[in-house]
Amino acid sequence: MSPLSALATVFVALTVVGMPLFAAVGLTTILALYLIDIPFTLMAQTGYSSLTPFPLLTIPLFVLAGRLMEVGGMAERMISVATSLVGAYRGSLGLVTCFACMLFAALSGSGPATTAAIGSVTIPAMQREGYSVPFAAAIAASAGALGSLIPPSNLMIIYGLVSETSIPRLFLAGIVPGIIITVLLMLTTYAIAVRRGYGGSGEPFSWGPFRKALWDGKWAVGAPLIILGGIYGGVFTPTEAASVAVFYALFVGVFVYGQLTMKKVIESLRFTALLTGILILLTPTLAFGQLSAFYDIPSAVKEGITSLTTNVYLVMILIGIFYIIIGTFMESLAQIILFTAVFLPLVTSLGVDPVLFGVFTVITCEIGFLTPPLGGNLNVASRISGVTIEQISVAVLPYIVAYILGMLLLIFLPDVATFFPDMVYGPARH
């Protein structure tokens, strides 16, 4: 058996028996070090260097800011603004959920966090209006995944660090695809709601209620403007923006809305610690990524795929299928770290912009949030709604189709992602 076959067999076996992913990757990496006689100190060195990049601090800070904004009353105000816009249409609460998730995504940086923040309010409300509970949970889970695409995005930060791609460029590139996928999700919700007769009991749109909701929620709506405006206005870096977001959330929650108590702050810190604990994956996955060069895995993958086709569209579709399958059982963080080093050299050799590939990668990860058995957003929605992951998995299928359409649009019309960053920063030089 070749060393690569042995490593693949060990990794799959450890994963199948239920070993935590960081341990499975770590043990496979140790075996790889042993097979090519590299000192085990590489793991320790990588462990230290993987946690030292300053931009990495952005992730827990944005998660904390998003949680503080949720429990401090900002999520409720964003839902009110969304309700004033689309409350009278069929599937109104479903449409509100999609729209509110898009707004909150600009605060949290995380798919599961966005699902928890908006879904905890809108899923019970949809239940009370007679929506099928799995359908309500599916809307929140699928729209919550926007938290990883619309900036600021934790997954884009990781991709930027691994691929050495500009994080502000990645953030800008996610805006238009994020809006397009939001529209696709809303159209899907509307079509299903019309067929089943859900919703449509809200007040028709008029400027008066909208202006009132917007004024009441001005502190919440202003948060993404301050965060993203500060980054692109050159006032602060993405990491500094995350710190500003935390202080802004504390100020508004305590002094403006008066809903943020010490108990809620402590709970938010605990939530952040649990959610960002996934960063433990960085050490073994980065070490494994470094070893891929020793085993010449990128070249082997390139030769294998290009022997089938050199058509850039077909190559991207093949990579997308692989990512979607692997995302059913692998954490998005590990997926990005492990496979960016493998596929990025291939796609850039075919003329694909690394920024575009970053947005493409994040969209495939979002589909992973919606597919069992891992399905991070499915788990969150299941806990909120009280229905099983299996029931939500069936209801979420039309929304997965919406994400796949968004992914295909990105492949065939790459300017959708690259136009905005190229306009602001000028064409990228590769």
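Keep in mind the model is a prediction, meaning the values are calculated, not measured. (Residues numbered from 1 in each chain as written. Predicted model: local features only at pLDDT ≥ 70, side-chain atom pairs only at ≥ 80, totals over all residues. Heavy atoms only, no water.)

### Focus: the overall build of the chain
Phase 1: When you go through the chain residue by residue, the secondary structure sums to 24 helices and zero strands.
Phase 2: For the chain, whose C-alpha radius of gyration is 22 Å, the value lies close to the compact-globule estimate of 22 Å for 430 residues.
Phase 3: Across its three principal directions, the C-alpha atoms of the chain cover 70 × 45 × 45 Å.
Phase 4: In the chain, buried positions account for 56% of the 430 residues.
Phase 5: A fraction of 80% describes how many contacts in the chain between residues 6 or more apart in sequence connect residues 24 or more apart.
Phase 6: With an accessible surface of roughly 17800 Å², the chain has 69% of that area assigned to carbon and sulfur atoms.
Phase 7: For the chain, the distance from the average position of its 16 positive side-chain charges to the average position of its 17 negative side-chain charges is 13 Å. (Helix = DSSP H or I, 4+ residues; strand = E, 2+ residues; numbered from the N terminus. Rg over C-alpha atoms; globule rule 2.2 N^0.38 Å. Buried < 20%, exposed > 50% of the residue type's maximum accessible area, 1.4 Å probe, protein only. Contact = heavy atoms within 4.5 Å. Areas by Shrake-Rupley, 256 points an atom, 1.4 Å probe, with all protein chains shown as cover. Lys, Arg positive; Asp, Glu negative; His and termini not counted. Charge placed at Lys NZ, Arg CZ, Asp CG, Glu CD.)

### Re the confidence of the model for the chain
Phase 1: Looking at the chain as a whole, its pLDDT mean stands at 85, while 95% of the residues score no less than 70.
Phase 2: Between the elements of the chain, mean pLDDT differs from a low of 73, seen in helix α3 (residues 41-50), to a high of 96, seen in helix α23 (residues 397-412). (pLDDT = per-residue confidence, 0-100.)

### Details of the pattern of salt bridges
Opposite charge on two side chains lets them pair, provided their charged atoms get close.
Phase 1: Summed over all chains, the structure comprises four salt bridges.
Phase 2: A salt bridge links Asp422 to Arg169, with the nearest nitrogen and oxygen atoms 3.1 Å apart. Of this pair, Asp422 sits in helix α24 (residues 415-425) while Arg169 sits in helix α10 (residues 167-173), and the two are 253 residues apart along the sequence.
Phase 3: On the basis of relative accessible area, Arg169 is assigned to the buried category, the value being 10%.
Phase 4: For Lys212, the salt bridge goes to Asp216, with nearest N and O atoms at 3.0 Å. One end of the pair, Lys212, and the other, Asp216, are both in helix α12 (residues 207-216), four residues apart, so they sit about a helical turn from each other.
Phase 5: Through salt bridges with shared partners, a single ionic network connects Arg67, Glu70 and Glu267. (Salt bridge = Lys/Arg side-chain N within 4 Å of Asp/Glu carboxyl O.)

### Notes on the environment of Glu267
Phase 1: Checked against the element boundaries, Glu267 lands in helix α15 (residues 262-275).
Phase 2: Taking the C-alpha atoms as reference points, Glu267 and Leu68, separated by 199 residues in sequence, lie 9.3 Å from one another.
Phase 3: Leave out the neighbours within four places in its chain, and Glu267 touches Arg67 and Val71.

### Comments concerning the packing of aromatic side chains
Phase 1: Evaluation of the coordinates by the stated rule reveals 13 aromatic pairs.
Phase 2: Centroid distance Trp219 to Phe251: 6.1 Å. Interplanar angle 55°. Geometry classified as tilted. With Trp219 in helix α13 (residues 218-232) and Phe251 in helix α14 (residues 238-256), this pair connects stretches of sequence that are 32 residues apart.
Phase 3: On the basis of an interplanar angle of 90° and a centroid distance of 5.6 Å, the ring pair of Tyr323 and Phe343 is categorised as edge-to-face. (Phe/Tyr/Trp six-rings, centres within 6.5 Å; stacked < 30°, edge-to-face > 60°.)

### Re the packing of helix α20 (residues 354-369) against α23
Phase 1: It is the contact of α20 with α23, at a shortest axis distance of 10 Å, that shows an interaxial angle of 170°. With respect to α23, the axis of α20 lies roughly antiparallel. Along its contact with α20, which presents Leu356, Val359, Phe360, Ile363, Thr364, Glu366 and Ile367, the element α23 presents Ile400, Tyr403, Ile404, Met407, Leu410 and Ile411.
Phase 2: A class-by-class count of the residues in the contact of α20 with α23 yields eleven nonpolar, one polar and one charged. (Axes fitted to C-alpha atoms, helices over the stretch in contact; angles between N-to-C directions. Parallel < 35°, antiparallel > 145°, perpendicular 65-115°, else oblique. Nonpolar A, V, L, I, M, F, W, Y, C, P; charged D, E, K, R; others polar.)

### Focus on the nonpolar core
Phase 1: Formed by 139 residues in total, the largest nonpolar core has its most connected members in Met69, Leu185, Ile319, Phe357, Phe360 and Tyr403.
Phase 2: Ranked by the residues each element gives to this core, the list is headed by helix α6 (residues 92-108), at twelve residues.
Phase 3: For Ile319, the residues in contact, after removing those within four places along its chain, are Phe343, Leu346, Val347, Phe357 and Phe360. (Core = buried A, V, L, I, M, F, W, Y, C linked by side-chain atoms within 4.5 Å.)

### With respect to the environment of Leu57
Phase 1: Secondary-structure assignment places Leu57 in the loop between α3 and α4 (58-71).
Phase 2: The spatial distance from the C-alpha of Leu57 to the C-alpha of Glu240 is 9.4 Å, given a sequence separation of 183 residues.

### Quick notes on helix α18 (residues 312-326)
Phase 1: An ideal rise of 1.5 Å per residue puts 21 Å on 15 residues; α18 measures up with 21 Å between its terminal C-alpha atoms.
Phase 2: Within the span of α18, buried status applies to Val315, Met316, Ile319, Gly320, Tyr323, Ile324 and Ile326. For α18, the angular spread of buried residues about the axis comes to 170°, placing them on one side.
Phase 3: Where α18 is buried, its residues contact α17 (297-306), α19 (332-349), α20 and α23.
Phase 4: The N-terminus of α18 is capped by Asn311, whose side-chain oxygen sits 2.9 Å from the backbone nitrogen of Tyr313. (Expected span 1.5 Å × (residues − 1). Arc of directions from axis to C-beta. Polar contact = N/O pair within 3.5 Å; in protein donor to acceptor, adjacent residues only side chain to side chain.)

### Focus on the environment of Ile192
Phase 1: Locating Ile192 in the fold gives a position in helix α11 (residues 175-196).
Phase 2: Through-space distance from the C-alpha of Ile192 to that of Trp207 is 28 Å; in sequence the pair is 15 residues apart.

### A few points about the side chain of Thr309
Phase 1: For Thr309, the position within the fold is in the loop between α17 and α18.
Phase 2: Taking the relative accessible area as the measure of exposure, Thr309 reaches 14% and is therefore buried.
Phase 3: Separated by 3.0 Å, the side chain of Thr309 and the backbone nitrogen of Asn311 make a polar contact.
Phase 4: With sequence-adjacent residues up to four places away left out, Thr309 is seen in contact with Leu314, Val315 and Leu318.

### A closer look at the packing of helix α8 (residues 133-144) against helix α21 (residues 376-385)
Phase 1: At a closest axis distance of 9 Å, the pairing of α8 and α21 adopts a crossing angle of 140°. As the angle between them shows, α8 and α21 are arranged oblique. In the packing of α8 onto α21, the handedness of the crossing is right-handed. For the pair formed by α8 and α21, the contact residues are Val133, Ala137, Ala141 and Gly144 on the first element and Asn377, Leu378, Ala381 and Ser385 on the second.
Phase 2: Of the residues in the contact of α8 with α21, the class split is five nonpolar, three polar and no charged. (Left-handed = near helix turned anticlockwise from the far one by under 90°.)

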